[in-house]
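Reading the structure
Chain by chain, the residues:
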Amino acid sequence: MTYPQIVLFTIIALVLVGLLWGRWRYDLVAFAALMVAVILGAVPFEHAFDGFGNEATIIVALVLVISSGLSRSGVVDLISRAVLDRDRSPGGHIALFGSVGAALSAFMNNVATLALLMPVDVQAARKSGWPPRRTLMPLSFATILGGLVTLIGTPPNIIVAAYRGEALGRPFAMFDFTPVGLAVTLAGLAFIVLGGWRLIPDGTKDKKSPAEELLAISDYVSELVVAEKSKAIGQPMKALDAIAEENDCALLGLVRRGKRLPGRARNEEVAKGDLIVVQGSPDALNALAGALGLEFQGKSNRSAELTAAMSLSEAVVTRDSRLVGRTANEVQMLRAHGVALLGISRRGKARHERVRRTPIEAGDILLLLGDAEETADVINRLGCLPLADGARAVTRHEKAWLAVGLFAAAIGFAAIGLIHLPIALGLVVVGYLVTGVLPVRELYDSIEWPVVVLLGSMIPLGQALDSTGGTALIANGLAALTAGAPSWVALLILLVVTMTLSDVLNNTATAVIGAPVAIDLAHALNASPDAFLMAVAVGASCAFLTPIGHKNNLLILGPGGYAFGDYWRMGLPLEFVVVAVALPAILVVWPL
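What comes next is a walk through the structure.

Criteria and cut-off values
- Residues numbered from 1 in each chain as written.
- Predicted model: local features only at pLDDT ≥ 70, side-chain atom pairs only at ≥ 80, totals over all residues.
- Heavy atoms only, no water.
- Phe/Tyr/Trp six-rings, centres within 6.5 Å; stacked < 30°, edge-to-face > 60°.
- Buried < 20%, exposed > 50% of the residue type's maximum accessible area, 1.4 Å probe, protein only.
- Lys NZ or Arg CZ within 6 Å of the ring centre and 35° of its normal.
- Helix = DSSP H or I, 4+ residues; strand = E, 2+ residues; numbered from the N terminus.
- Pairing = 2+ DSSP bridges.
- Polar contact = N/O pair within 3.5 Å; in protein donor to acceptor, adjacent residues only side chain to side chain.
- Contact = heavy atoms within 4.5 Å.
- Expected span 1.5 Å × (residues − 1).
- Core = buried A, V, L, I, M, F, W, Y, C linked by side-chain atoms within 4.5 Å.
- Axes fitted to C-alpha atoms, helices over the stretch in contact; angles between N-to-C directions.
- Left-handed = near helix turned anticlockwise from the far one by under 90°.
- Nonpolar A, V, L, I, M, F, W, Y, C, P; charged D, E, K, R; others polar.
- Salt bridge = Lys/Arg side-chain N within 4 Å of Asp/Glu carboxyl O.

**Digging into the packing of aromatic side chains**
All told, the structure shown has six aromatic pairs when counted by the stated rule. Their ring planes at 65° and their centres at 5.3 Å tell us that F172 and F177 sit as a pair that is edge-to-face. Neither F172 nor F177 differs from the other in exposure class; each is buried. Centroid distance Y444 to W449: 6.5 Å. Interplanar angle 25°. Geometry classified as stacked. Among the aromatic residues, those joined into a cluster by ring pairs are F172, F177 and W590. The ring centre of F172 lies 4.9 Å from the NZ or CZ of R164, which sits over that ring.

**A word on the pairing of strand β4 (residues 275–279)**
For β4, the buried fraction is high: five of the five residues fall into the buried class. Where burial is concerned, the two faces of β4 agree: the one with L275, V277 and Q279 and the one with I276 and V278 are both buried. With five bridges joining them, strand β2 (residues 250–256) and β4 adopt antiparallel strand pairing. Bridge assignment links L254 to a residue of β4, and that residue is I276.

**Thoughts on the side chain of T178**
The topology assignment puts T178 in helix α9 (residues 178–193). Among the polar contacts listed, one links the side chain of T178 to the backbone oxygen of V149, at a separation of 2.9 Å. In contact with T178, other than residues within four places in its own chain, are V149 and A183.

**Re helix α6 (residues 110–128)**
Taking 1.5 Å as the rise per residue, α6 with 19 residues should run 27 Å; its terminal C-alpha atoms sit 26 Å apart, in good agreement. Counting buried residues along α6, 17 of its 19 residues qualify, which places the element largely inside the surrounding structure. Just past α6, the residue G129 takes up positive phi, approximately 90°.

**Here we look at the nonpolar core**
I152, L425, Y432, M458 and F532 are the most contacted members of the largest nonpolar core, which totals 136 residues. With sequence-adjacent residues up to four places away left out, M458 is seen in contact with V15, A30, A509, V512 and I513. With 20 residues, the next largest nonpolar core counts L240, A244, I276 and L288 among its residues.

**A look at helix α19 (residues 470–481)**
Here α19 contains twelve residues, and its C-alpha end-to-end distance of 17 Å stays within 8% of the 16 Å for a straight helix at 1.5 Å per residue. What α19 keeps buried is the set G470, T471, A475, L478 and A479.

**Comments concerning the packing of helix α3 (residues 55–72) against helix α17 (residues 421–435)**
Think of two packed helices as two axes; the pair is described by the angle between the axes and how far apart they sit. The N-to-C vectors of α3 and α17 enclose an angle of 35°; their axes lie 9 Å apart at closest approach. Here α3 runs over α17; the crossing is left-handed. Where α3 abuts α17, its residues E55, I59, L62, V63, V65, I66, G69 and L70 lie against L421, P422, L425, G426, V428, V429 and Y432. Within the contact of α3 with α17, the residues separate by chemical class into twelve nonpolar, two polar and one charged.

**Section: the pattern of salt bridges**
Inspection of the entire model under this criterion finds five salt bridges. Ionic pairing is found between E268 and R256, a salt bridge with its closest N-O pair at 2.8 Å. Of this pair, E268 sits in the loop between β3 (259–260) and β4 while R256 sits in strand β2, and the two are twelve residues apart along the sequence. Judged by its relative accessible area of 32%, E268 is partly exposed. Here D274 and R256 are joined by a salt bridge, their closest N and O atoms 2.7 Å apart. With D274 in the loop between β3 and β4 and R256 in strand β2, the pair connects residues that are 18 residues apart, well separated along the chain. Given the relative accessible area of 3%, D274 is considered buried.

**Thoughts on the environment of Y562**
Position of Y562 relative to the elements: it lies in the loop between α23 (551–555) and α24 (567–589). The buried category is assigned to Y562, whose relative accessible area is 0%. The spatial distance from the C-alpha of Y562 to the C-alpha of G363 is 9.8 Å, given a sequence separation of 199 residues. At 2.5 Å, the side chain of Y562 forms a polar contact with the backbone oxygen of R133. Polar side-chain contacts of Y562 include one of 2.9 Å to the backbone nitrogen of M137.

Remember, this is a structural readout, not a statement about activity or role.
Structure (structure tokens):
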């Protein structure tokens with residue numbers, strides 16, 4: 001091997017280790033790897049940032065913005081609410097929601113689709129009396145499958161299409177993925193609906209959801225009396241937040257002469273005889289009373305005592321949230337953001353003690369208390385997703401048909417070749433902003449920047465590996481492994497290897513690495529590269545064995561109360577179904 005090949009293989013191996021370890025965010029790992037590769041001369045400095053201007057990166061960013069516009073216009077909200085029925089059986093619910101999720105994922109980013117449907121799914125589960133774990137995993141898998149159907153459904157399709165354009169002169173078109181993707185999606189949905197969901201463990205009807213467990217621990221709201229020598233006298237309420245947080249309590253309001261002051265009385269100075277409304281565990285309340293010189297009076301009340309201006313909201317922590325690895329105290333959640341963290345649920349188990357000092361993890365469910373009008377914005381700023389309808393952004397249903405019309409026109413023009421796809425999607429974004437479908441202030445918030453950074457960093461590494469002959473080495477090794485066997489055996493191995501990598505790595509990174517290997521392997525076997533590229537597209541997207549292989553699987557980890565080992569029970573047979581259907585479908589549609 002040459003020096004650049006050794007450097008690139010070493011760096012990519014370290015990237016894979018870093019992504020598996022999960023200590024640092026995947027975008028930081030990829031960007032650091034790119035910088036090291038440039039310093040060591042494996043990637044030419046003049047091409048270091050080519051990935052950020054790559055067509056695949058631009059399309060991914062535009063699709064995310066369009067998905068946000070469709071959400072804000074109420075298109076998905078109207079569809080999802082139309083199918084909500086508390087009397088439907090779990091199997092019927094899974095069939096309907098899985099079909100809706102798969103259909104929407106074909107034309108929206110599948111992560112965005114799950115984020116929109118998940119609160120409705122949880123609401124349906126609560127009303128029907130079954131645990132969300134029964135339906136959330138089928139919904140996640142259905143949205144992943146639906147992304148296979150079109151070019152814009154999932155980032156791996158976009159990456160594979162763009163790489164084909166660079167290597168062969170013409171990218172895959174919008175619906176080139178449809179024959180194979182639709183066959184796999186229908187087969188996968190059939191498996192899930194006809195019994196796959198029954199393989200999910202502990203799907204008992206009387207099992208409480210994590211959200212229900214959280215609400216059970218938020219019942220301790222007490223009134224503490226400001227005694228004569230209290231340290232709180234003369235201080236504004238907001239000045240007491242630090243002491244309250246140190247003692248794992250949240251200050252909810254102030255009562256004076258028998259009347260609750262508006263809101264949380266943030267700027268009101270505390271006076272003798274006032275009642276400070278505090279939430280916390282019994283031990284925490286006792287500690288705060290001692291720290292501030294407060295006294296207990298009356299008996300604990302329930303959280304229903306809160307004013308109408310405040311609300312309890314549940315939010316799921318995403319992998320990219322600024323909260324991951326930090327505690328509520330470190331983030332200064334109450335002082336800086338105006339919301340109090342009342343509880344954390346992790347894999348279905350509520351955290352009762354020292355909540356504000358517990359490092360938050362991706363997939364956790366947070367129970368938040370704050371102003372009803374501001375909580376949704378706070379959840380968005382913190383990089384979380386709302387789990388209940390009350391925290392969702394206000395939709396503008398009068399813009400729904402306009403949003404659909406602009407998007408459908410762009411897809412139609414791109415499909416018949418009148419407009420290049422990135423330009424068509426860019427025009428949709430401009431149309432959404434001009435017509436008010438998407439507020440300008442939300443434009444850049446709609447883009448998932450860690451994915452953009454990951455793509456922009458990995459594409460130059462993949463291009464360098466290809467230009468230095470590294471992908472050819474991998475392809476020749478696979479060709480030698482299948483020497484003497486039919487070409488479809490090599491296609492099968494590539495599909496399985498790609499799917500296995502995607503189960504433990506980011507699917508975007510898997511597609512970036514796999515696409516060049518597919519081209520070189522096809523050339524080594526004197527076969528059509530399209531079939532091998534399709535195998536990479538399917539394999540990179542179908543990650544069902546772990547919560548870390550696909551973002552959708554991670555998003556449901558907390559709300560569904562799943563354990564790491566729960567996914568493979570339904571995911572492993574589903575992957576067998578995918579392979580069994582995808583291989584012959586590829587061979588028929590894209591002959592070798």
